Amino acid sequence: MKTYHDLRELLNRIDHRGYPAYKDTAGSYQFETYVLSIDHVQGDPFAAPSRVSIHVSGKNAGFPSDLFQEKHKRIALQDYLIRKFSKEVETFTFKAKGSGKSGLMSVSRCGQEILERTGCEIQPDGGVIIRMEIGFPANGRTINSRELIKILFEFLPGCVKKSMFYESLDKKSVQKNAELAEDQKFIRTQLSRLGLTAFVANGSVLPRESGVSDRPMKKAVPFQSPKSLEVTLELPNLGAVTGMGIRQGITLVAGGGYHGKSTLLKALELGVYNHIAGDGREYVITDDTAVKIRAEDGRSIKHTDISMFINNLPNKKDTVRFCTENASGSTSQAANVVEAMEAGAQTLLIDEDTSATNFMIRDELMQRVVNRDSEPITPFIDRVQELYEKYGISTVLVAGSSGSYFHKADCIIQMNHYLPKDITESARKEAEAFPIPSEKAPASQKPSFDRVVKTDQSFRKNDRIKMKTQGKDSILINRDTIDLRYVEQLTDTEQLVTLGHLTTYGQLHLFDGKKSLSETVEELLRLLDKKGLAAVCKGNYVPGGLAMVRKQEIFACLNRYRSLKI
Ligand code: ADP
Ligand code: MG
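To start, this report covers the structure provided alongside it. A quick note: this is a predicted structure, and the numbers were derived from the prediction, not measured. (Residues numbered from 1 in each chain as written. Chains lettered and ligands numbered in written order. Predicted model: local features only at pLDDT ≥ 70, side-chain atom pairs only at ≥ 80, totals over all residues. Heavy atoms only, no water.)

1. A look at the layout of surface pockets
Heads up, the condition is: In this analysis a 1.4 Å probe is tested at points of a 1 Å grid over the protein atoms alone, and where it fits but cannot get out there is a cavity; an open set with protein on both sides within 12 Å along at least five of seven lines is a pocket; lining residues have an atom within 4 Å of a point. Grid points are joined across faces, edges and corners, and a volume is the space filled by probe spheres set on the points. Note on residue categories: nonpolar means Ala, Val, Leu, Ile, Met, Phe, Trp, Tyr, Cys or Pro, charged means Asp, Glu, Lys or Arg, and polar means any other residue, Gly included. Numbering of helices and strands starts at the N terminus; helices are DSSP runs of H or I of at least 4 residues and strands are runs of E of at least 2.
Computed from the structure, the largest pocket encloses a volume of approximately 1,500 Å³. The class makeup of the residues in the lining of the largest pocket is 19 nonpolar, 18 polar and 11 charged. Volume-wise, the second largest pocket comes out at about 1,300 Å³. Elements that contribute at least two residues to the lining of the second largest pocket include exactly α3 (71-90), β7 (120-122), α5 (171-193), α14 (517-531) and α15 (551-559). In terms of residues, the lining of the second largest pocket owes the most to one element, α5, which gives 7 residues.

Written out as structure tokens, the structure reads:
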């Protein structure tokens, strides 16, 4: 293997040459305690920065195997290391100067959730890889390799030394990080045993600092479960933790405006992920198949069977294989429910703030005036019990303005000054005075999930596929935009990059006119499981910048992909 001497020599040689001469630096170089790989060199100083990875062998990194052998601890350690590395690198970015992206040094920007990422990988033998971006410096388009020497020989070695070796880390804090992961996993595995869809520990801080900051709100009212819903779990590390157990079935969150209903629901939505220490939601754990359901006017729908909610449309449109390029509030929300069922959701999370009213309820007067035959919509309220009884799908529903669901709910929680109260008994009693009209919706057929995805020849013929993402909003594949703004459980821009790669991979290798959409997704999941995130990327190196997604979001992405041939 070439060494750092070779690299330094090469860099000295190409100084002042045209930018393309940087291409010669691609390759791996042995440094004293690690290997530096220049995986991809940018074409010019304004293009996407170069991709560089740092490999520390298991022996040199020295992490005890207990910290990374089990998957959940490995992911937690990877997360810890990349955050540490990121902090170190931040102080050096753009310290080397030049035009365009010259001097940029960056790794994944992690939020409050702990995700598996290609940015940091711990190998089975304890080897650690960090994948980062570096803007190779230039003046105009003339190489300034002295600045790159600064980055690679002064800045980077310090960052590596401080964050990739067990010896240089705060061992207590590394251990705590692993213990938290273990406790979170424990709660997650206990949920179904206890018949719960979610657990919210007492003392949790649910609200966020602001609309643009996901950090915990300072001086928030800490969460405190009502006595009747309290569950105590004996965590392997932290010991006994008490909190609110949301039972399987139908849970209604009622309460006045501004009393913290949506904040609770939001925390449940993100409880499908683990959170970092200090977040306030470390012990808010939700069934990890849970899907947020909302209205999404304007989305496309491709042959989704929404007949359990919508039938006999005035234009005679088929609702068993319902298609539209521009869904209404109710049809979009119906499709979101059925597609969540297809994606294996065992819990639905719904906020009336973001729901289509006509999808959620029909009040008594309306039922009297407009009879069932002339109303295509069977509202969710008429299906919510069926969903649980027939399919085991629980619902947690926030409703502040309509009391209709009081009749259906197994548990009614009132948020009052940010504190939950169990009002199941009293609300039920009140509801008895307002009986619901007896007319019951006829039972529904199990939706059919037999949609088959056809091959799109334009992808197979042409391997120059353009894929780009725009924050957490959308993915661009060639000319197609997949709008994911309302897939609210996508929490990181890197997840969209992964979805973009998965979708193109599907186009290139999986969509064959035989497999159903769910079989296709299962195949993608098997691939991810076997080979990790890198499995779906082309090219001969693994790029940083990808984060793991759930099955539910893969479905959500494909379901919103307008040029998918179904
Ligand atoms: P609702 O959905 O009941 O109308 P929200 O959940 O939107 O209420 O909360 C209203 C406001 O109260 C938000 O600005 C939120 O940040 C804040 N908030 C929520 N929970 C708490 C809490 N536990 N402590 C302090 N403020 C909170
Ligand atoms: Mg609200």
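2. What about the coordination of the magnesium ion (ligand 2)?
This is how the line gets drawn: In this description, a donor is an N, O or S atom within 2.8 Å of the metal centre, a cutoff extended to 3.2 Å for sodium, potassium and calcium. Water is not part of the atom list, which can make sites seem incomplete.
At this site the magnesium ion (ligand 2) is bound by S262 (OG) and D353 (OD), with donor distances of 2.1 to 2.3 Å. Highlighted residues: S262 in helix α6 (residues 261-270) and D353 in the loop between β22 (347-351) and α8 (357-360), separated in sequence by 91 residues.

3. Focus on helix α13 (residues 493-510)
Condition: Here the expected length of a helix is defined as 1.5 Å per residue gap, with one fewer gap than residues. Remark: exposure states derive from per-residue accessible area (1.4 Å probe, protein chains only) relative to the maximum for the residue type, with buried under 20%, exposed over 50%, and partly exposed in between. The definition of a polar contact used here is a pair of N or O atoms within 3.5 Å, where within protein one atom must be able to donate a hydrogen and the other to accept one, and adjacent residues in sequence count solely through side-chain atom pairs.
Across its 18 residues, α13 extends 25 Å between first and last C-alpha, which sits within 8% of the 26 Å expected from 1.5 Å per residue. The buried fraction of α13 amounts to 14 of the 18 residues, a majority that puts the element mostly inside the structure. Measuring from the backbone nitrogen of E494 back to the side-chain oxygen at the start of α13 gives 2.8 Å, which picks out D492 as the cap.

4. Considering the packing of aromatic side chains
Selection rule: Only centres within 6.5 Å qualify two rings of Phe, Tyr or Trp (six-membered ring in Trp) as a pair; their planes then separate them into stacked at under 30 degrees, edge-to-face at over 60, and tilted for everything else. To sit over a ring, a charge needs its Lys NZ or Arg CZ within 6 Å of the ring centre and within 35 degrees of the ring normal.
Considering all chains together, one arrives at 10 aromatic pairs under this definition. Each ring, one from Y19 and one from Y22, has its centre 5.0 Å from the other, and the planes form 80°; the classification is edge-to-face. Across the pair, exposure class does not vary: Y19 and Y22 are buried alike. On the numbers, 6.2 Å between centres and 25° between planes, the contact of F309 with F380 is stacked. Note that F309 is positioned in the loop between β20 (301-304) and β21 (322-324) and F380 in the loop between α9 (364-369) and α10 (384-391), a separation of 71 residues in sequence. Accessibility classification places F309 together with F380 in one group, the buried group. Seen from the ring of F153, R8 lies directly overhead, with NZ or CZ sitting 4.4 Å from the centre. Above the plane of the ring of Y166 lies K171, whose end atom (NZ or CZ) is 5.2 Å from the centre.

5. Brief notes about a nonpolar patch on the surface
Note the threshold: Put simply, a patch holds well-exposed residues, over 30% relative accessible area, that have no salt bridge, with like charges counted together within 9 Å and Val, Leu, Ile, Met, Phe, Trp or Tyr side chains within 5 Å. Computed with the Shrake-Rupley method and a 1.4 Å probe, the accessible areas treat only the protein chains shown as cover for residues. A side-chain nitrogen of Lys or Arg and a carboxyl oxygen of Asp or Glu constitute a salt bridge if their distance falls within 4 Å.
On the surface, a nonpolar cluster with roughly 430 Å² of combined accessible area is contributed by V221, Y258, Y418 and L419. The topology assignment puts Y418 in the loop between β24 (411-416) and β25 (419-422).

6. Brief notes about the side chain of S300
Defined as follows: We call two residues in contact when some of their heavy atoms are within 4.5 Å.
Structurally, the position occupied by S300 is in the loop between β19 (291-293) and β20. Here S300 falls in the buried class, since its relative accessible area comes to 2%. In this structure, S300 is in contact with T324, E325, N559, R560 and R562, ignoring residues within four places of it in sequence.

7. Details of the site of ligand 1
Defined as follows: Whether a residue is near a molecule or strand depends on its heavy atoms: if one lies within 4 Å, it is near.
The environment of ligand 1 is formed by 13 residues, the closest being V221, Y258, K261, S262 and T263. Within the contact set of ligand 1, an oxygen atom lies 3.2 Å away from a backbone nitrogen or oxygen of H259. Take G260: an N or O atom from its main chain is 3.1 Å from an oxygen atom of ligand 1. Considering only residue class, the shell around ligand 1 consists of 6 nonpolar, 6 polar and 1 charged.

8. Concerning the sheet that holds strand β16 (residues 250-254)
Operational definition: Pairing between strands requires that DSSP locate at least two bridges from one strand to the other. Here, axes are lines fitted to C-alpha atoms. For helices the fit covers the stretch in contact, and angles between N-to-C directions go from 0 to 180 degrees.
With mixed pairing, 6 strands are arranged side by side in an open sheet as β19-β22-β23-β16-β24-β25. On the outer flanks of this sheet lie β19 and β25, each paired with one strand and no other. On average, adjacent strands in this sheet sit at an angle of 25° to one another, irrespective of strand direction. Where β22 meets strand β23 (residues 394-398), 5 bridges bridge the pair, whose relative direction is parallel. Pairing of L349 across the sheet is with V396, part of β23. In the packing of α6 onto the sheet, the strands contacted are β16, β19, β22, β23 and β24, and the crossing angle to β22 comes to about 150°.

9. Brief notes about the side chain of R131
Inspection of the secondary structure assignment puts R131 in strand β8 (residues 128-134). A distance of 3.4 Å separates a polar atom in the side chain of R131 from the backbone oxygen of V542. Contacts of R131, omitting those with residues within four sequence positions, involve V52, S53, V107, T118, G119, E121, V542, P543 and G544.

10. Brief notes about the pattern of salt bridges
When the charged atoms of two side chains with opposite charge come close together, those side chains can pair. All told, the structure shown has 37 salt bridges when counted by the stated rule. Here R51 ties to E133 by a salt bridge, and the two come within 3.6 Å at their closest N and O atoms. Pair noted here: R51 is in strand β4 (residues 50-56) and E133 is in strand β8, with a separation of 82 residues, a long-range link. For R51, a relative accessible area of 23% gives the class partly exposed. Taken together, the shared-partner salt bridges in this structure form one network comprising K266, E269, K292, R294 and E488.

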